[in-house]
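A structural walkthrough
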Amino acid sequence: MSTPVSALKLAARVRSGETRAVAIAERQLARIAALNPSLNALVQVDAVDVRRQAALIDTRCAAGEDLPLAGVPVTIKDNLWLQGQISTCGSWLYRNHRAPRDSWAVARLRQAGALLVGVSNCSEFACKGVTDNRVYGATCNPWDLTRTPGGSSGGAAAAVAAGLGMLALATDAGGSSRRPAAHCGVVGFKPSAGRIADPWGFPVIGRELNVIAQLGRRVADVSLMLDVLTGVHPADRFSTPMPTVAPRPLETLRIGYSLDLGLGYAVDADVAALFEQTVSRLQSAGLQVRPFTPRWPQGLSAAPLLAAQHAELATHFGEAYRADPTRFDPAIAEQIEAGFAVPATQMVALAALRDAIVRNTATLFETVDLLLCPTVPVEPWSLDVLGPSTIGGRPAGPRGHAVFTPLFNQAGIPALSVPCGLGAQGLPLGLQIVGPRFYDDDVLRLGALVEVTLALEMAPLGFSQMPDTLEQA
């Protein structure tokens, strides 16, 4: 699959009339029909509505509207609302739920002229590290259909990797966008907390940690999408106006790197080797990249950070679970059961720990300007299990594959996963770039430089054999 046109260029062509959105819609619908059945990345595709949207986009452009995402195909994660479409949050409880309105971020995309081509699969309530549920089943990784794309935004990442959409709107409360992006060889970004409002929709588990996330094939495309989405809403108490932060020259930044974040996290040997090679490439490119060991609050490594998620699941869905446990994914049922036993004192202690993480992270970025670490410690694993049994030769536990991302949600800071190559099994891995809160642009600019420095062509073999529908758009 040759490199497709960028979102920026595609939108410019549609605005000028050189390319029509209706032609893009037909090409995308044909590609989805050909490739999605083997992936199960998109679970709702309304061809009639896609064609209606495209005609309206062309009309708006002809009338002179300046639409920054004119005709750019975007997918929407199933825990967000697409007006009039079935939106399930991956749950049997919502299997017949039609969204009464667009989520706020979805409405922003429409306003910007994006072509919303389908709804992407996610795990139930976006609370698992793989992407399957009782409504739609499992999403496959386009690099190997027997492997998982990760979760909970596995449908979003797989869709971008296979060219079913150029961009994807997703969510991230603990790595749900970044880990699937790494596993599928695409870009995934978690912006600073509060940058994008999310005032209505499904109950959000991890509300203080959750952000609206963006996925794409290029950092520049993700940056364009972020600009469109940035904004506050009075009904979202977490949304925050972003201060103006002057960009810092990348060559002057102190960039720290850590293979285990100072917490002894297990990492497979091929992941460690590729991480070190990537760091060496960046050093050769003239960046100030040095080893760095972050310090964290005492007792963090043993803290049950997921207890808050379990308690929230029990609060929102405990009554429905007690009425009929069979309607729930067994893994989610276990979390709800655990949530019934979480005392209020533990929730208060977890809130205090989060405050300590925020303080420690602020101190960390007094010593370095940006931080590098792996996005994931292991290549994608079999669809049949929740996670790999071992990582780095050690028992992995249920969340060993997910350790590198949640801390940055706790801290509310921007974090980006960019592809950095393939592991020993020929499957994608990601480099995670993290910065202080509000320094999203520095994180993205370094990500763009990593793209140029590594010059990777990341295309899953089985899907590269079909020409990308946007190459000649």
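Residues numbered from 1 in each chain as written. Predicted model: local features only at pLDDT ≥ 70, side-chain atom pairs only at ≥ 80, totals over all residues. Heavy atoms only, no water.

**Quick look at the pattern of salt bridges**
Threshold: Any Lys or Arg side-chain nitrogen found within 4 Å of a carboxyl oxygen on Asp or Glu counts as a salt bridge. Runs of H or I in DSSP of at least four residues are treated as helices and runs of E of at least two as strands, each being numbered from the N terminus. Buried means the residue's accessible area, taken with a 1.4 Å probe over protein chains only, is under 20% of the maximum for its type, while exposed means over 50%, and partly exposed covers the values in between.
Overall, the coordinates contain 18 salt bridges when judged by the stated rule. Of the charged contacts, one joins R207 and D236 as a salt bridge, the two residues approaching to 2.9 Å between their closest N and O atoms. Placement of the pair is R207 in the loop between β7 (187–190) and β8 (211–216) and D236 in the loop between α7 (219–229) and β9 (254–257), with a sequence separation of 29 residues. Among the residues examined, D236 registers a relative accessible area of 6% and is labelled buried. Three or more residues joined by partner-sharing salt bridges are found here, namely R248, R254, D369, D442 and R445.

**Regarding helix α3 (residues 47–62)**
Basically, it comes down to this: Here the expected length of a helix is defined as 1.5 Å per residue gap, with one fewer gap than residues. Contacts were defined at the residue level, with two residues in contact if any of their heavy atoms lie within 4.5 Å. For the purposes of these results, a polar contact is taken to be a pair of N or O atoms within 3.5 Å, where, inside protein, one atom must be able to donate a hydrogen and its partner to accept one; residues adjacent in sequence count only when each atom of the pair is a side-chain atom.
The end-to-end C-alpha distance of α3, which contains 16 residues, comes to 23 Å, matching closely the 22 Å that a straight helix rising 1.5 Å per residue would cover. Turning to α3, its buried residues are D49, V50, Q53, A54, I57, D58, R60 and C61. Residues of α3 that are buried sit in contact with α1 (7–16), α2 (21–39), α4 (104–111) and β3 (115–120). Two or three places before V48, at the opening of α3, D46 has a side-chain oxygen 3.2 Å from that residue's backbone nitrogen. The first or second residue beyond α3 is G64, which carries a positive phi of 95 degrees.

**Focus on the pairing of β8**
Going by this rule: Any two strands are treated as partners once DSSP identifies two or more bridges connecting them.
Among the 6 residues in β8, 6 count as buried, and that is most of the element. The two faces of β8 match: V211, A213 and L215 on one face and I212, Q214 and G216 on the other face are all buried. Bridge count between strand β6 (residues 167–172) and β8: 6 bridges; the pairing is antiparallel. Across the sheet, A168 pairs through a bridge with L215, a residue of β8. Two elements, β7 and β8, share 3 bridges in a ladder whose sense is antiparallel. Across the sheet, residue F189 finds its bridge partner in β8, namely Q214.

**Topic: unusual backbone geometry**
What you tend to see is this: most non-glycine residues have negative phi, and most peptide bonds are trans. Cis peptide bonds are those with omega within 30 degrees of zero, and the linkage from G151 to S152 qualifies with 10 degrees. Residue placement: S152 occurs in the loop between β5 (137–138) and α5 (154–161). Even without glycine at this site, C89 takes up a positive phi of about 55 degrees. In this fold, C89 is placed in the loop between β2 (73–77) and α4. Positive phi outside glycine occurs at A455, with the angle close to 50 degrees. You can see A455 is positioned in the loop between α13 (440–454) and α14 (461–464).

**As for the environment of I332**
You can see I332 is positioned in helix α10 (residues 330–340). A relative accessible area of 0% places I332 in the buried class. Remark: the alpha-carbon pair of I332 and K128, spanning 204 residues in sequence, is separated by 7.8 Å. I332 has contacts with E124, F125, C127 and K128, leaving out every residue within four places of it along the chain.

**Details of the pairing of β9**
Our working rule: Seen with its strands pointing away from the viewer, a crossover is right-handed when the path leading from the first strand over the helix to the second is clockwise.
As paired elements, β9 and strand β10 (residues 288–291) share 4 bridges and run parallel to each other. If you follow Y257 over to β10, its bridge partner there is P291. As for the winding sense of the linkage, the β-α-β connection from β9 through helix α8 (residues 269–284) to β10 is right-handed. In terms of strand pairing, β9 meets strand β11 (residues 370–374) through 3 bridges, oriented parallel. Bridge assignment links Y257 to a residue of β11, and that residue is L372.

**A few points about the nonpolar core**
Note the following rule: As used here, the term nonpolar core means buried Ala, Val, Leu, Ile, Met, Phe, Trp, Tyr and Cys residues forming a set that is joined through side-chain atoms within 4.5 Å.
Ranked by internal contacts, the top residues of the largest apolar core, which has 106 residues, are L109, L169 and L372. In contact with L169, other than residues within four places in its own chain, are V74, T75, I76, K77, L80, A105, V106, L109, I212, A213, M225 and L229. In this structure, F125, F202, L313 and I332 belong to the second largest nonpolar core, which totals 15 residues.

None of this, on its own, says anything about what the molecule does.
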